[in-house]
Amino acid sequence: ISTESEARAFESALPGATVVRDGQATRDAVLAGLEGAAWAHFGCHGMSSLRDPSAGQLVVHDHDAHPLTVLDVSRLRLRNAELAYLSACVTAVPGHRVPDESIHLASAFLLAGYPQVIATLGPVYDEISADIAQDVYDLLSPGHGRVPDATHAARALHAAVKRQRDIHRSAPSCWSLHIHAGA
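Okay, so let's go over this structure. This one's a predicted model, so the numbers in the text were calculated from it and none came from an experiment.

## Looking at the layout of surface pockets
At step 1: One number sums up the size of the largest pocket: a volume of about 1,000 Å³.
At step 2: Around the largest pocket sit 38 residues that line it, and Val19, Val20, His41, Phe42 and Gly43 are the ones nearest its centre.
At step 3: Going through the elements one at a time, helix 1 (2–13), helix 2 (27–36), strand 1 (39–43) and helix 5 (126–140) are the ones with two or more residues in the lining of the largest pocket.
At step 4: Counting residues per element, the lining of the largest pocket draws most heavily on helix 1, at six residues.

Shown next as structure tokens:
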């Protein structure tokens, strides 16, 4: 349910955006879709690998046979990229073997060309993540048919997280795990 509300928020912010769901969300389809997408939103599960950070992955439909890994994303060279929103658990968690190197999904999207990345530092609550995504897209969407502006992603995320903090003041794990990386 939460992923559907995130998809609707994304579609509302970017009318005409391509949304890939369920069985269509294969590794190859997602990688192909990223080639022409200025904005990308992932509402799925994420996994980090503490022993091999480049094996961290976004859990796509065919992840058992063809995982979408940090290494796959970092190999992309995307010219039109603006914002990657990784609404999945542990998308900014590095490994333990080389503690001074931040190898994770968020850094892979930065390397691929996204100047703005929203990611998470741990397991997140689905409904709260959906609320944060809705707020971020509402704040980035100027309305009246104009194109949303990703350059304000950090401010939008800050406002969305602050709203959740005000609602869940005594439960930091509800709101403190979303981060912005990039310009």
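There is more to say, and it comes next.
## Digging into the state of the cysteines
At step 1: Tallying each qualifying case throughout the model produces zero disulfides.
At step 2: Free cysteine Cys89: the closest other cysteine sulfur is in Cys44, separated by 9.5 Å.
At step 3: Overall, Cys89 belongs to the partly exposed group, its relative accessible area being 22%.

## Digging into the side chain of His104
At step 1: Here His104 is to be found in the loop between strand 5 (83–87) and helix 4 (105–112).
At step 2: In terms of polar contacts, His104 uses its side chain to reach the backbone amide nitrogen of Ala106, at 3.4 Å.

## Things to note about the sheet that holds strand 2 (residues 46–47)
At step 1: An order of 2-3-4 is seen for the three strands of this open sheet, with the pairing classed as antiparallel. Strands at the two margins of the open sheet, each flanked by one partner only, are strand 2 and strand 4 (68–69).
At step 2: Sheet topology note: the strand 3 (residues 57–58)/strand 4 ladder contains two bridges and is antiparallel. By the bridge assignment, Gln57 is partnered in strand 4 with Thr69.

## As for the sheet that holds strand 1
At step 1: Strands sit in the order 1-5-6-7 across an open sheet of four strands; the sheet is mixed. Single-partner strands in this sheet number two, and they are strand 1 and strand 7 (178–182). Each neighbouring strand pair of the sheet contributes to a mean axis angle of 15 degrees, computed without reference to strand direction.
At step 2: Relative to strand 6 (residues 116–120), strand 5 runs parallel, the two sharing three bridges. Bridge assignment links Ala84 to a residue of strand 6, and that residue is Val117.

## Here's the deal with the nonpolar core
At step 1: One finds Leu34, Phe42, Leu86, Phe109 and Tyr114 to be the most contacted residues of the largest nonpolar core, which totals 26 residues.
At step 2: Contributing elements (two or more residues each) for this core: helix 2, strand 1, helix 3 (70–74), strand 5, helix 4 and strand 6.
At step 3: Sorting elements by how many residues they give to this core places helix 4 first, with five residues.
At step 4: Judged by nonpolar contacts, the second largest core, of 22 residues, contains Tyr85, Ile132, Tyr137 and Cys174.

## Digging into the pairing of strand 5
At step 1: With five of its five residues buried, strand 5 lies for the most part within the structure.
At step 2: In the sheet, strand 1 pairs with strand 5 via five bridges, with the strands oriented parallel. Looking at strand 5, one finds that Phe42 is bridged to Leu86.

Thresholds, definitions, all that
- Residues numbered from 1 in each chain as written.
- Predicted model: local features only at pLDDT ≥ 70, side-chain atom pairs only at ≥ 80, totals over all residues.
- Heavy atoms only, no water.
- 1 Å grid on protein atoms, 1.4 Å probe; cavity = no way out; pocket = protein on both sides within 12 Å on 5 of 7 lines; lining within 4 Å.
- Points joined across faces, edges and corners; volume = space filled by probe spheres on them.
- Helix = DSSP H or I, 4+ residues; strand = E, 2+ residues; numbered from the N terminus.
- Disulfide = S-S within 2.5 Å.
- Buried < 20%, exposed > 50% of the residue type's maximum accessible area, 1.4 Å probe, protein only.
- Polar contact = N/O pair within 3.5 Å; in protein donor to acceptor, adjacent residues only side chain to side chain.
- Pairing = 2+ DSSP bridges.
- Axes fitted to C-alpha atoms, helices over the stretch in contact; angles between N-to-C directions.
- Core = buried A, V, L, I, M, F, W, Y, C linked by side-chain atoms within 4.5 Å.

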